[in-house]
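Chain by chain, the residues run as shown.
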Amino acid sequence: MLPYRIKAKYKKLRDREKKELNLDEIKKKLMESLGDLNEEEAQKYFNLLLEEKVPPLEIINTALKPGMDIVGSRYETGEYFLSDLMLAGHIMKGFMNILTPMLKSDASGPKLGTVVIGTVRGDMHDIGKNLFGTLLIGAGFDVLDLGTDVAPEKFLDKVKEVNAVALGMSTLLSTHLFEMKNTVDLFKREGYYDKVMIIIGGRPVTEEFAKEIGATYGKDALTGVKLVKRHLGFEE
Ligand code: B12
């Protein structure tokens with residue numbers, strides 16, 4: 001517990017900052033401090049946005065994801081190392097833990113079916129995939145999340161087992177796009193391709209690639225959920 005005097009001083013500082021910065025500036029500060037891996041600053045601006053009731057998806061799309069893109073670019077140019085990617089993942093997960101319950105909150109009403117999701121074999125990135133799963137739950141789906149590093153056979157087995165209405169695959173590694181094709185090809189070989197919608201997403205995935213392998217392309221998690229709903233006849 002912070003002593004009262006320190007708490008009051010901190011609150012005064014925050015109030016001053018709130019008055020001096022508009023919402024767009026606070027989002028930019030959050031993006032930059034995440035890009036700089038300055039956890040304390042990032043936490044401060046994140047809290048300000050929550051206090052201002054900025055919707056969780058807006059915080060993700062306009063501040064957190066762009067902040068992670070800065071980290072990615074700095075890694076690419078050699079300014080950051082693997083340990084920095086790990087720290088970025090850790091900070092981002094902390095924020096997602098706070099936002100996830102808010103994104104799930106309107107998950108009442110009838111269930112729309114089960115969607116199996118996972119990150120392809122060899123890939124450990126899961127933040128975007130988890131966001132997709134959370135938004136699916138918020139939209140009324142049951143989600144079976146197979147986690148990361150998922151082999152094509154496991155995707156197929158689970159889709160069969162739970163009679164899934166859709167399969168969502170994620171990868172952030174351009175070197176692992178082929179695992180998406182492997183999975184779709186397995187579904188085709190096993191006669192399961194026409195029984196389930198297959199949607200793919202992640203940084204290196206393009207509309208063209210999705211078309212080429214015979215899957216639906218979700219450019220982001222929210223668009224992906226809308227496409228699944230539309231495919232099943234639930235979306236306007
Ligand atoms: C954090 C991070 C990590 C963390 C991941 C932590 C975790 N638990 O996920 C760790 C440290 C583990 C990591 C490791 C590595 N990483 Co990394 N990582 C990142 C970083 C900085 C951020 C990723 C992120 O979480 N973004 C935020 C989320 C919200 O965005 P997102 O996942 O893209 O999701 C959005 C969309 O893509 C979409 N989406 C995602 N999945 C799906 C699925 C569906 C169905 C739908 C509809 C939508 C959808 O929805 C979201 C938006 O709404 C990126 C850089 C970047 N610009 O993305 C590099 C990046 C992806 N990593 C990269 C690399 C090279 C690696 C390593 C190989 C490094 C190494 N030398 O070991 C390893 C790979 C380990 C492995 N086998 O997987 C490269 C990949 C380059 C390439 N050729 O593809 C990137 C692009 C960095 C760079 N610019 O060089 N990484």
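These numbers come from a predicted model, not from an experiment.

Caption draft 1: Structural detail: the overall build of the chain. Looking only at helices and strands, one finds ten helices and five strands in the chain. Along the three orthogonal principal directions, the C-alpha set of the chain runs to about 65 × 45 × 30 Å.

Caption draft 2: Highlighting the site of the ligand. Of all residues adjacent to the ligand, which total 39 residues, the nearest are G72, G128, G201, G218 and G224. Counting only elements with at least two residues in the shell around the ligand, the list comes to α4 (56-76), α5 (82-104), α6 (127-139), β3 (166-170), β4 (197-201) and α10 (221-231). Examining the composition of the shell around the ligand, we find that seven residues originate from one element, α4, more than from any other. Counted by class, the shell around the ligand contains 18 nonpolar, 13 polar and eight charged residues. For the shell around the ligand, the two domains that each supply at least three residues are domain 1 (7-104) and domain 2 (114-231).

Caption draft 3: Fine view of the nonpolar core. Residues L30, V115, L135, L167 and I200 are the most contacted members of the largest nonpolar core, which totals 50 residues. Among the elements that take part in this core, α4 stands out by supplying six residues, more than any other. Viewed by domain, this core spans two of them, domain 1 (7-104) and domain 2 (114-231), each represented by three or more residues. With residues up to four places along the chain from it excluded, the contact list for L30 reads A42, Y45, F46, L49, A63 and G67.

Caption draft 4: The arrangement of unusual backbone geometry in detail. Positive phi is not limited to glycine here, since L37 has a value of about 60 degrees. Relative to the assigned elements, L37 resides in the loop between α2 (23-35) and α3 (39-51). Given 20 C-beta atoms within 10 Å, L37 falls into the buried group. In this structure, K53 takes a positive phi of about 60 degrees despite not being glycine. Here K53 is to be found in the loop between α3 and α4.

Rules used in this analysis
Residues numbered from 1 in each chain as written. Predicted model: local features only at pLDDT ≥ 70, side-chain atom pairs only at ≥ 80, totals over all residues. Helix = DSSP H or I, 4+ residues; strand = E, 2+ residues; numbered from the N terminus. Near = placed C-beta within 6 Å. Nonpolar A, V, L, I, M, F, W, Y, C, P; charged D, E, K, R; others polar. Domains from an automatic or database assignment. Core = buried A, V, L, I, M, F, W, Y, C linked by C-beta atoms within 7 Å. Buried ≥ 20, exposed ≤ 12 C-beta atoms within 10 Å, placed from the backbone. Contact = placed C-beta atoms within 7 Å.

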